[in-house]
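Remarks on the overall topology
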Amino acid sequence: MIHKYTLGGINIVLDINSGGVHIFDELTFAILDYIQPPLSENCPDNVIEDLKSDYLVEDILNAYNELYELYKSYSLFSSDDYRQFAADDAVLNAPVKAMCLHVAHDCNLRCSYCFASTGDFGGGRKIMDLETGKLAIDYLLENSGNRRNLELDFFGGEPLMNFNVVKEIVKYAREKEKAYGKNFRFTITTNGVLLSDDKIEFINREMSNVVLSIDGRKSVNDRIRKRPDGGGSYDIIMKKFKKIVKLRGDKEYYVRGTFTKYNLDFANDVLHLFDEGFDQISIEPAVCDEKMDWAITPDDLPTISAEYERLASEILRIRGEGKRINFFHFMIDLEQGPCAIKRLRGCGCGNEYVAVTPEGDIYPCHQFVGMKEWKMGNLDSGILDNKMKKYFAAANLYKKEGCSDCWAKFYCSGGCNANNQIYAGDVLKPYSLSCEMQKKRIECAIMVKAAMALNEQDGN
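Here the structure is a predicted model, which is why all the values come from computation and not from measurement. (Residues numbered from 1 in each chain as written. Predicted model: local features only at pLDDT ≥ 70, side-chain atom pairs only at ≥ 80, totals over all residues. Heavy atoms only, no water.)

**Looking at the overall build of the protein chain**
We count it as follows: Note on conventions: DSSP H or I runs of at least 4 residues are helices, E runs of at least 2 residues are strands, and numbering of each starts at the N terminus. Taken over C-alpha atoms, the radius of gyration is set against a globule rule of 2.2 Å times the number of residues to the power 0.38. The rule is simple: take the accessible area with a 1.4 Å probe, protein chains only, and divide by the maximum for that residue type; under 20% is buried, over 50% is exposed, in between is partly exposed. Here a residue-residue contact requires only that any non-hydrogen atoms of the pair lie within 4.5 Å. Accessible surface is estimated by sampling points in the Shrake-Rupley manner with a 1.4 Å probe; for residues, cover comes only from the protein chains shown. Positive residues here are Lys and Arg, negative ones are Asp and Glu, while His and the chain termini are left out of the count. Charged side chains are reduced to one point each, which is NZ for Lys, CZ for Arg, CG for Asp and CD for Glu.
Along the backbone of the protein chain there are 17 helices and 16 strands. Relative to the compact-globule value of 23 Å for 460 residues, the protein chain shows a C-alpha radius of gyration of 24 Å, a close match. Viewed in the frame of its principal axes, the protein chain has a C-alpha envelope of about 75 × 50 × 45 Å. A buried classification covers 54% of the 460 residues belonging to the protein chain. Across the protein chain, every contact between residues at least 6 apart in sequence was considered, and the portion connecting residues at least 24 apart equals 70%. Within the structure as shown, the protein chain displays about 20500 Å² of accessible surface, and the carbon and sulfur contribution to it stands at 48%. Between the centroid of the 57 positive side chains of the protein chain and the centroid of its 69 negative side chains there is a distance of 8 Å.

Here it is as structure tokens:
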């Protein structure tokens, strides 16, 4: 199974199962339209007959031989070796290694597109107490099996509204991790309104990563990311974000925005953030009910595809000037990539990864929070719905509708389980709108890698 396309003037062929990426000339690229596995050693007569008016027969034979050698080395039309893992649910079932800790179901912004009902997840505004936070740490430590490195994301709402509890939870986790032989990696996601010098110092010391929420240009950000009084947030947060990033040094961060129908020219928002001094950037599509004014619809896909292509071109330009920029959705490792299990089931939602609410309720992930039918248990009762955990462990791409035949399957792993459930009505039914945007991002990401490799080869 292969996927071939031309982008940025480069003929790219992705071998789906091996993950191999090939850059071909026009002739070799054209021959692929005529052949299917199993390939024979000799070039088919119809290939020669159809192409000889445009190419020399000798060149056609040489190009076909190149393809045949790739086929013999399992780099082209390779077999699917991943399906064997998908059949073994016991292999896919894993200890919990990551947690999204909702320390605040409250927020000091009222973002229009917020999937969390402007911070309270539809359940009323509340914050987590320290005892619940400690129970969450204990739960993660005791259910992580032989996993040494544990991930914990302080989330909301807005977690800085409960910052003292955040600090105490970190302190408690650091005290406990040595006894368990574990290592915590903390992340915090913040809108930045409450950032102050003391918070910046703590975050930069204790957090392995920090996610800073801003949508890009002031006009774009302030149209959606409003304060309760209706005012915008851009002027409040921009200078604070610049300060925290400057003081982080080489520690991880990224600024994360959301684009809507209002800013389908979102590449301009990426470039604006870059011009403001940020080089780790994510601008992601809003996923919401298509009835909303700002909702992205299938009619917007051509515009969005063109914009991703423009963004890829701009990133190549910036890197060609010797500057550093990473766009989150274009970061693909074509040499190693994720392990086989991660390729099959993605983020580990409901299996390796869970979310915990201020009341101590356990959900498969932060986007399932508030959907009572998906509640897996509670920290106080110690009850975890293992049947649901096994369901998510087994919810791999081979069980999702249409995924096994999709060329992008090993990059998206069947899509976001929560979005599938909310917008397609079933965890095992991928949300088609998200699929199409994801596929375009993958094509652009591979093209960027290919173009950079060609530039290095040419010595540029």
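More follows now that the structure is in view.
**Some remarks on the layout of surface pockets**
Spelled out, the test is: The distinction between a cavity and a pocket rests on a 1 Å grid over the protein atoms alone: a 1.4 Å probe fits inside a cavity but cannot get out, while a pocket stays open yet meets protein on both sides within 12 Å along at least five of seven lines, and a residue with an atom within 4 Å of a point counts as lining. Grid points are joined across faces, edges and corners, and a volume is the space filled by probe spheres set on the points. Residue polarity follows a fixed list, in which Ala, Val, Leu, Ile, Met, Phe, Trp, Tyr, Cys and Pro are nonpolar, Asp, Glu, Lys and Arg are charged, and the others, Gly among them, are polar.
The volume enclosed by the second largest pocket comes to roughly 210 Å³. If one sorts the elements of the lining of the second largest pocket by residue count, helix α17 (residues 432-457) sits on top with 5 residues. By residue class, the composition of the lining of the second largest pocket is 6 nonpolar, 4 polar and 4 charged.

**A few points about the environment of Asn268**
Looking at the secondary structure, you find Asn268 in helix α11 (residues 267-275). By relative accessible area, Asn268 is classed as partly exposed at 27%. Each C-alpha atom of the pair Asn268 and Val47 lies 45 Å from the other, and the pair is 221 residues apart in sequence.

**Examining the pattern of salt bridges**
Counted only if it meets this: Whenever a carboxyl oxygen of Asp or Glu lies within 4 Å of a side-chain nitrogen of Lys or Arg, that contact is scored as a salt bridge.
For the structure on display, the rule yields 31 salt bridges. Put simply, Arg205 and Glu201 hold a salt bridge, and the shortest N to O gap is 2.7 Å. Residue Arg205 and its partner Glu201 are both found in helix α8 (residues 197-206); the two are separated by 4 residues, about one turn of the helix. For Arg205, a relative accessible area of 45% puts it in the partly exposed group.

**Overview of the environment of Asn191**
To keep it simple, the criterion reads: In protein, a polar contact means a hydrogen-donor-capable atom and an acceptor-capable atom, both N or O and within 3.5 Å, with residues adjacent in sequence counting only if both atoms are side-chain atoms; elsewhere, any N or O pair within 3.5 Å suffices.
Examined against the element boundaries, Asn191 turns out to sit in the loop between β8 (183-190) and α8. In sequence terms Asn191 and Tyr55 are 136 residues apart; their C-alpha atoms lie 58 Å from each other. Sequence-distant contacts of Asn191, that is, excluding residues within four places in its chain, are made with Cys107, Asn108, Leu109, Glu158, Ser213, Arg225, Ile237 and Phe241. Only 2.9 Å separates the side chain of Asn191 from the side chain of Asn108, close enough to count as a polar contact. A polar contact is formed between the side chain of Asn191 and the backbone nitrogen of Val193, at a distance of 3.0 Å.

**Considering helix α6 (residues 130-142)**
Quick reminder of the rule: Multiplying 1.5 Å by the helix residue count minus one yields the expected span of that helix.
Relative to the 18 Å expected for 13 residues at 1.5 Å per residue, α6 spans 18 Å between its end C-alpha atoms, a close match to the ideal helical length. All buried positions along α6 are accounted for by Thr132, Gly133, Ala136, Ile137, Asp138, Tyr139, Leu140 and Leu141. By the N-cap criterion, in which a side-chain oxygen at the helix start approaches the backbone nitrogen of a residue two or three places on, α6 is capped by Asp129, the distance to Glu131 being 3.3 Å.

**What to know about the sheet that holds strand β16 (residues 383-384)**
Rule in force here: The pairing criterion for strands is at least two bridges between them, as found by DSSP.
Strand order in the open sheet formed by 11 strands is β12-β11-β10-β9-β8-β7-β4-β13-β14-β15-β16, and the pairing between neighbours is mixed. Of all strands in the sheet, those with a lone pairing partner are β12 (326-327) and β16, marking the two edges. With 5 bridges connecting them, strand β4 (residues 98-102) and strand β7 (residues 149-155) associate as parallel partners. Residue pairing for β7: Leu101 is matched across the bridge by Phe154.

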